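Commentary on secondary and tertiary structure
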Amino acid sequence: MTKTIETNGTSQVDPALLQRPNLALWVNNEKQIYMKEEAFPTCPPDSCVVHVKATGICGSEIHFWKTGGIGDVRVTHPIILGHESAGQIIEVGANVTSFSVGDRVSIEPGVACWECGMCVRGRYNLCPDVKFSGTPPTDGTMRRFVAHPARFLHRLGDDVSYEVGALIEPLSVGYNAVRRAAPYLGQPVVVAGAGPIGLAVALSARAAGANPIVITDLEAHRLEQAKEMGFKNTVLIDMAWDRNEVATKLRAAAGCLPQIVFECTGSEASINAACYAVEDGGTLLQVGCGKPEISLPFMSLGFREVNVVTSFRYQQTWPVVLRLAQSGVFGDVTQLITHKLPLEKAVEALEISADRTSRSIKVQIVDE
Ligand SMILES: NC(=O)c1ccc[n+]([C@@H]2O[C@H](COP(=O)([O-])OP(=O)(O)OC[C@H]3O[C@@H](n4cnc5c(N)ncnc54)[C@H](O)[C@@H]3O)[C@@H](O)[C@H]2O)c1
Ligand SMILES: OC[C@H](O)C(O)[C@@H](O)CO
């Protein structure tokens, strides 16, 4: 396929790039993942075509593949996975004035309708008509070329790599959760779960001034990673402990009563322990996704005026999270990336991400 792109009369895209196949990673409703070539995308007037240069793999992709869905969201027909991406614009839609060919961007994957009450009130992460990349029924970004609305593209600074651009999505999940709990300088917090999301929460909580920050996990290597990133106060959870024992250990590690627990595992055991660990009048901030229905010590929460707050994806996070990542406030966020594989090896990348023994944190798929 040969395609020439003219912008202001100047062709800026290497024609050899456009001859490369638009390889994509698909999942079907038979729990199979596979590579299949897509047509080059047409560019709607309000969109840009992006050459996707880096895409992170999220746990949700593993769920879509291994279990056929998350909660009510089921894979009923083949879709292209992926929602943590950054790349370079290679075509600009007729109505787009804010971007040019060659611009480097991070992709915000939740395309909200911009018309409903939630969108008008700014809570566009709750838009009932949101089209979220790589979540059924919407195709995602794990492909070489993708068209995406310009409103949901965010320019990368010259010194921000595509890999960091692709981390803005999970970092946004962390930022949104921390913004909803609003810890203050010196407020003691616990982050349960040291996966990419727990670590992203911890980075934002630290930037907000929370202290101490205690991080838990079941896996020692994840806590080692947390320590590498400067979070020295960790607790390796033993599943033989009951929820009261976990709460006691967390309180002991903090050296005081945690006033916010960011729950980033979705496990019922961890959520229950969080209910008991948090100080009276404190906040349980639920980020992790688990079973649709779980059992909670609800009256204990009630009698202790514990706020139960949830956080779902993000809204209006990209500009600020990009700024924070670029300015170094989060430290070296590339420490989250443990594996990088070329697009051609996307299936292998998912296998690594799904394999607990690989000791991966964030696996990224990259394309030159
Ligand atoms: N709310 C949102 O908008 C949002 C967005 C993205 C992801 N999520 C959810 O956040 C959670 C974390 O995502 P992730 O990508 O970091 O997942 P992950 O699976 O990589 O990490 C979860 C970590 O929790 C640990 N864990 C499990 N049970 C535990 C327990 N009882 N105590 C302590 N640690 C325990 C695991 O060992 C693992 O390291 C997932 O449930 C995911 O679905 C929510
Ligand atoms: O960060 C966004 C999350 O991964 C998604 O909401 C996912 O869990 C479902 O599509």
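Parameters and conventions
Residues numbered from 1 in each chain as written. Chains lettered and ligands numbered in written order. Predicted model: local features only at pLDDT ≥ 70, side-chain atom pairs only at ≥ 80, totals over all residues. Heavy atoms only, no water. UniProt positions renumbered as here; feature names shortened; annotations may be inferred. Pairing = 2+ DSSP bridges. Helix = DSSP H or I, 4+ residues; strand = E, 2+ residues; numbered from the N terminus. Contact = heavy atoms within 4.5 Å. Axes fitted to C-alpha atoms, helices over the stretch in contact; angles between N-to-C directions.

Under an unreviewed UniProt entry, the name given to the chain is L-arabinitol 4-dehydrogenase, and the organism recorded is Apiotrichum porosum. The UniProt entry for the chain carries this comment under Catalytic activity (unreviewed entry): "L-arabinitol + NAD(+) = L-xylulose + NADH + H(+)". In UniProt, the chain has this text filed under Cofactor (unreviewed entry): "Zn(2+)".

Glancing now at the sheet that holds strand β8 (residues 79–80). Reading across the sheet, the 3 strands line up as β4-β3-β8 and stay open at both edges, with antiparallel pairing between neighbours. Bordering the open sheet on either side are β4 (33–38) and β8, each of which pairs with just one other strand. Note: strand β3 (residues 22–27) against β4, 6 bridges, orientation antiparallel. Of the residues in β4, the one forming a bridge with alanine 24 is lysine 36. Contacts from helix α11 (residues 346–354) reach β3 and β4, with the element oriented near 150° to β4.

The UniProt feature table records "domain: Alcohol dehydrogenase-like N-terminal" (unreviewed entry) at residues 45–156. Regarding residues 45–156, the helix share stands at 11% and the strand share at 37%, and the terminal C-alpha atoms are separated by 22 Å.

Attention shifts here to the sheet that holds strand β15 (residues 189–192). Reading across from one edge, β17-β16-β15-β18-β19-β20 is the order of the 6 strands in this open sheet, with parallel pairing throughout. Because the sheet does not close on itself, it has two edges, and the strands there are β17 (234–236) and β20 (307–310). For this sheet, the mean inter-axis angle between neighbouring strands, taken without regard to orientation, is 20°. In this fold helix α5 (residues 196–208) packs onto β15, β16 (213–217) and β18 (260–263), with an angle of close to 175° to the strand it touches most, β16. Along the sheet face, helix α8 (residues 268–277) touches β15, β18 and β19 (283–286) and points at about 175° away from the line of β18.

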